[in-house]
Amino acid sequence: MFDTRFGLLIPQRGALFGLGGIRELLQLGVTAEQSGILSSVWVGDSLTAQPRPDALSLLGALSAMTERVRLGTSCMASFPLRDPAVTAYQWATLDHLSGGRMILGACTGLVGDGVSAREGAHFGVPDRERAPRLEENIALCRELWSGEPIDFDGRFRSYKDLLIAPTPLQDPCPILIAANPWDPRFAERALRRVATLADGWMTAGSWPGLFEGLWSRLREELTAAGRDPATFPVVAMHNVNIGDDRAECLAETSRFIAAHEDEDEVAAPMIESWTAAGPPSRCAADLRALLDKGATHLILRLTSWDQRGQLLRLTEEVLPSVMS
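Just so it is clear, the model here is predicted, and its values are computed rather than measured. (Residues numbered from 1 in each chain as written. Predicted model: local features only at pLDDT ≥ 70, side-chain atom pairs only at ≥ 80, totals over all residues. Heavy atoms only, no water.)

Participant: Requested: an account of the packing of aromatic side chains, with residues and values cited.
Facilitator: A complete count under the given rule lists 7 aromatic pairs for this structure. When the ring of Trp182 is compared with that of Trp207, the centres are 5.3 Å apart and the planes differ by 45°; the resulting orientation is tilted. Of this pair, Trp182 sits in the loop between strand S7 (175-178) and helix H6 (184-197) while Trp207 sits in the loop between strand S8 (201-203) and helix H7 (210-224), and the two are 25 residues apart along the sequence. Taking the relative accessible area as the measure of exposure, Trp207 reaches 33% and is therefore partly exposed. Their ring planes at 10° and their centres at 5.8 Å tell us that Trp201 and Phe211 sit as a pair that is stacked. Placement of the pair is Trp201 in strand S8 and Phe211 in helix H7, with a sequence separation of 10 residues. Exposure class is identical for Trp201 and Phe211. Each is buried. (Phe/Tyr/Trp six-rings, centres within 6.5 Å; stacked < 30°, edge-to-face > 60°. Helix = DSSP H or I, 4+ residues; strand = E, 2+ residues; numbered from the N terminus. Buried < 20%, exposed > 50% of the residue type's maximum accessible area, 1.4 Å probe, protein only.)

Participant: Account for the state of the cysteines, with residues named and values stated.
Facilitator: Evaluated as defined, the whole model comprises 1 disulfide. Here Cys75 connects covalently by a disulfide to Cys107, the sulfurs 2.1 Å from one another. Residues Cys75 and Cys107 are joined through a disulfide that is right-handed, its torsion about the S-S bond being 75°. Within this pair, whereas Cys75 is found in strand S3 (residues 70-76), its partner Cys107 is found in the loop between strand S4 (102-106) and helix H4 (115-123), the two being separated by 32 residues in sequence. This pair shows no difference in class: Cys75 is buried, exactly as Cys107 is. For Cys173, which is in no disulfide, the shortest distance to another cysteine sulfur is to Cys141 and amounts to 9.0 Å. Not part of a disulfide, Cys283 finds its nearest cysteine sulfur in Cys249, a span of 6.6 Å. (Disulfide = S-S within 2.5 Å.)

Participant: Please give an account of helix H11 (residues 307-323) that cites residues and values.
Facilitator: Under the 1.5 Å per step criterion, the end-to-end length of H11 is 22 Å for 17 residues, consistent within 8% with the ideal 24 Å. Along H11, the sharpest kink reaches roughly 40°, centred on Leu314. For H11, every residue scored as buried is listed here: Gln307, Gln310, Leu311, Leu314, Thr315, Val318, Leu319 and Val322. Packing partners of the buried residues in H11 comprise strand S1 (6-10), helix H1 (22-35), strand S9 (234-242), helix H8 (246-261), helix H10 (280-292) and strand S11 (297-302). (Expected span 1.5 Å × (residues − 1). Bend = angle between axes of the 7 residues up to and from the residue. Contact = heavy atoms within 4.5 Å.)

As structure tokens, then:
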């Protein structure tokens, strides 16, 4: 699926808190491709829960600005809210624009403190429906991408003799599901959904031991579903902040995530678990450890206001050491 084990997440929400303009941020995708060591470029997604420039519009721009890197969403939190037939149609068009480089990362978009509930109210989607809508929308996209007219009578959507054209260049067009359930009560269903419906798992080691615990349980679900865990893509999003002083790098990451999430502060264990921080050798060791735990592709988010400078250091000083 990927030429190398590393990709770049463009934090387009940063346009709202001082990272630069949209055009400037998109240019990071061009630099990523030119590096030769990054083989994917991703954008985030949300509607009103965490407002930001629209993911599909940005991916259309990136498809014209780049030629080689895979392009995707990490992750499409609005997927359960969007009309699935329109989404399937738009995504198929993006796959043509990009020459068959799209990877759809989908998720429920559930956010605590009532944030996702308030967002969903605008679109008639309560939180309790997000997971089943995610599942139904994935099934509908796959049917529509077959290129045949379909009759679909689902729990939330019904269509009669519906045909979209064009269909994606890729067959199948890959869909990853992001799932990082902190609450064990929801882990079984979330991971079974990944094992049975997805072409790969999108995750994040955002708390000590979280990645290892979920990956162990997902391997069991994959085996039960007749799929080989050894060949199943595991795409992990991880933060990077490069500098001589690790404490300063972690502090900037904390400020960055707080600004991104509209939080007053972020728990220190999350920052330390979820960030490769400090001198290049330390960052390389942290990323290598995540690969050793089972991640097959790392989506790297630069948690610094110096996006371009950090990107150059990442590609020139950190990633070559991880690959060696």
